[in-house]
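Spelled out from the first residue to the last, the chains are:
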Amino acid sequence: MERDQYNIKMCDLLSDRNTYRRVRTNPISTLQTKNNELVKWLNNNNFIDDREKNKMITYTAQLPSIYGLPKIHKPNLPLRPITSSMKVPCYELSKYVGRILQCATTTSSYSVKNSFEFIEKAKLVKFQNNDVLVSYDVVSLFTNIPTQLAITIVKKRWETIKENTKLSQNKFLEILDFCLKDNNYLQYKDDIYKQIFGMPMGNPLSPTIADLVLDYLLDECFEKMIEKPRFVAKYVDDIFAVINKDKIEEVLRSLNGFHPKIQFTIEMEKNFEIAFLDVKIRRQNDSLMFNWHQKDTASGRLINFRSNHPKHIILNTASNLISKIFTISDTCFHRTNEEKIIKMLRDNGFPSTLIRSLLFKHKNKIPQTKKDDRPTGYYNSVIFVPGLTENFKKSIVNKTKNILMAYKPNMTLSHLFTKLKNKPEKDKATDVIYKINCKGKPNEPCNLCYIGTTKQFLRQRMSNHKSDIKSNNPGKTALASHAIEYGHTPDFEDVKVLQTERHTSKRYTLETLHIINNKNNMNRKLDTQNISSVYCSLVS
């Protein structure tokens, strides 16, 4: 999709006055203050500890940017609106509320976690003569959930929810109301909008709220029916049902009559088959048969055999694919699926001999009782460099307790595709490692630079540096010391952001690595003996 076409579609999307309204003032300061007040109250009343408080409080909050992901499987490529909410004031507070609400969704009789759980439940279904297979899909669920309806449902489910929190109902609803209603602001380019209806995709509360609303909707609709569907399974906004064919329209009318904004589409079985998740369900006499299913838009792309990943990850990806396909498909489909597996793996660069070996291992593996033999410790990600990373693991990490390595590639899809998010202004950047060159004096150039890190806004950090120099305070930073001692002028107009890293310990370590790699720095010099401890710190 061309950038101009994308911008037109985004403007059309935001012009929906029933969903978005443009506002003139930036509410971020007010929202940040309110969030911090609620967090401090939770801490003062012992609902959260100091560590959680420090995580939830923010002084560098920003409005989320909205961008659109093209729905490539639909005509005219409509956009799915996504809000990047990680830096909104109530991001961590919303996650806290979501954890409390999840207890009300785990008891759902409709929800399935994955294809395996769906098949286990569906195997128990016994058909009657008039039963058929159907699926219902909610039209744009998240953006059509009325927030007031969600709050009403929480009140009705409070007896279940209160088992997971010591908060009073009134205080919990106050926090929930703040997270749902007061934080639905977003930004596109230079314009600020308020989402006046629905839940934004990207809000950590949205999936949990969607589950609560749909479970309540299904309970309410089915309770009124004399003859209920024989079987119902739900995964997010997709619903599979086994139902009497004479009741199909009645069920659809009931679902669509619950709320004018929450509307369903229906798909009927074709040739006794229908797809749900990645499973093709076929009714055979009075029972169901299952087969692996791919959408027409599926590319068949896996991790390529020659990609820059550790070999055990590449082999595990192929092995897990083989295991999944054979597990969710009935035996009569295995021969056909084996041919599909061979073609898919070949298309992704796997040698034929290796494919045969992986298939042989799967067919002849001995069933084992599951054991919780996972390694203990905590994972941290490092970029995988063939040869270097393995040696680093052997020499350092294996000697360090409780450190496990998770590998990531240096080149990702984000390097290849157009960036849809609007890049924030540099002076509003947070959690960064930055570089300031020294301009020296008019007749005395200086080739040194200062490398630093900050969690606060970059503009605020630059203001602090200027203040240190102006107040003749050389003890604050190496930058202030250098500028005051030699009378040099740092180039504050051309500050460069070297890297962004949200985790504080990793950010400090990355700062040190940048200092080591830049010989002309005015920071405290590090001797080479410290490099191994720096790398060890990077993965911890």
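In case you missed it, the structure is sitting above this.
Caption draft 1: Focus on the overall build of the protein chain. Assigned secondary structure in the protein chain consists of 18 helices and 17 strands. Oriented by its inertia axes, the alpha-carbon framework of the protein chain measures out at about 95 × 60 × 50 Å. Burial statistics for the protein chain: of 540 residues in total, 45% are counted as buried. Per element, the accessible surface of the protein chain, about 30800 Å² overall, is 49% carbon and sulfur. Of the charged side chains in the protein chain, 84 are positive and 56 negative, and the gap between their average positions amounts to 5 Å.

Caption draft 2: Main features of the nonpolar core. One finds L93, L101, Y136, L176 and F264 to be the most contacted residues of the largest nonpolar core, which totals 66 residues. With 10 residues, helix 9 (residues 206-223) is the largest single contributor of residues to this core. Sequence-distant contacts of L176, defined by excluding residues within four places in its chain, comprise V97, L101, I151, V154 and L205. Membership of the second largest hydrophobic core comes to 35 residues, among which are F127, V279, F305 and M344.

Caption draft 3: Region of the structure containing the packing of aromatic side chains. A full pass over the atoms with the stated rule returns 12 aromatic pairs. Geometrically, the ring pair formed by F118 and F231 is tilted, given 6.4 Å between the ring centres and 45 degrees between the ring planes. Of this pair, F118 sits in helix 5 (residues 115-122) while F231 sits in strand 7 (residues 231-235), and the two are 113 residues apart along the sequence. Of the two residues examined, F118 and F231, each falls in the buried class.

Caption draft 4: Expanded view of helix 13 (residues 352-363). Over its 12 residues, helix 13 runs 17 Å from end to end, which matches the ideal 16 Å to within 8%, given 1.5 Å per residue. Taken together, the buried positions of helix 13 are L354, I355, L358, L359 and H362. Here the buried residues of helix 13 occupy an arc of 135 degrees about the axis, which is enough to place them on one side. Exposed side of helix 13, more than 90 degrees from the buried face: T353, R356, F360, K361 and K363 are the residues found there. Elements that come into contact with the buried residues of helix 13 comprise helix 11 (311-328) and helix 12 (334-347).

Caption draft 5: Main features of the pairing of strand 16 (residues 449-454). In terms of burial, strand 16 is a largely internal element, six of the six residues being buried. Pairing between strand 15 (residues 432-437) and strand 16: six bridges, direction antiparallel. Directly across from N437, in strand 16, lies its bridge partner C449.

Caption draft 6: Highlighting helix 10 (residues 248-256). All of the buried residues in helix 10 are I248, V251, L252, S254 and L255. End-on, the buried residues of helix 10 take up no more than an arc of 160 degrees, which puts them together on one face.

Caption draft 7: Region of the structure containing the packing of helix 6 (residues 147-156) against helix 9. Their axes nearest at 10 Å, the elements helix 6 and helix 9 cross at an angle of 70 degrees. Considering the angle they form, helix 6 stands roughly perpendicular to helix 9. Between helix 6 and helix 9, the contacting residues are L149, A150, I153, V154 and K156 on the first element and I209, L212, V213 and Y216 on the second. Split into classes, the residues belonging to the contact of helix 6 with helix 9 amount to eight nonpolar, no polar and one charged.

Caption draft 8: Quick peek at the environment of L214. Counting through the fold element by element, L214 comes out in helix 9. Residue L214 is classed as buried on the basis of its relative accessible area of 0%. Residues L214 and D237, spaced 23 residues apart in sequence, show a C-alpha to C-alpha distance of 7.8 Å. Contact partners of L214, with chain neighbours within four places excluded, come to V138, L141, K234, V236, D237 and F264.

Caption draft 9: Quick look at the sheet that holds strand 8 (residues 238-244). The strand order across the open sheet formed by four strands is 7-8-4-9, and the pairing between neighbours is antiparallel. The open sheet has two edge strands with one neighbour each: strand 7 and strand 9 (264-268). Going from strand to strand, the sheet's axes swing by 25 degrees on average, the running direction of each strand aside. In this structure, strand 7 lies alongside strand 8, joined through five bridges in antiparallel fashion. From the neighbouring strand, A233 faces strand 8, where its bridge partner is F240. Docked against the sheet, helix 9 engages strand 4 (131-138), strand 7, strand 8 and strand 9, running at close to 165 degrees with respect to strand 7.

Thresholds, definitions, all that
Residues numbered from 1 in each chain as written. Predicted model: local features only at pLDDT ≥ 70, side-chain atom pairs only at ≥ 80, totals over all residues. Heavy atoms only, no water. Helix = DSSP H or I, 4+ residues; strand = E, 2+ residues; numbered from the N terminus. Buried < 20%, exposed > 50% of the residue type's maximum accessible area, 1.4 Å probe, protein only. Areas by Shrake-Rupley, 256 points an atom, 1.4 Å probe, with all protein chains shown as cover. Lys, Arg positive; Asp, Glu negative; His and termini not counted. Charge placed at Lys NZ, Arg CZ, Asp CG, Glu CD. Core = buried A, V, L, I, M, F, W, Y, C linked by side-chain atoms within 4.5 Å. Contact = heavy atoms within 4.5 Å. Phe/Tyr/Trp six-rings, centres within 6.5 Å; stacked < 30°, edge-to-face > 60°. Expected span 1.5 Å × (residues − 1). Arc of directions from axis to C-beta. Pairing = 2+ DSSP bridges. Axes fitted to C-alpha atoms, helices over the stretch in contact; angles between N-to-C directions. Parallel < 35°, antiparallel > 145°, perpendicular 65-115°, else oblique. Nonpolar A, V, L, I, M, F, W, Y, C, P; charged D, E, K, R; others polar.

All we've got here are geometric facts, nothing functional implied.
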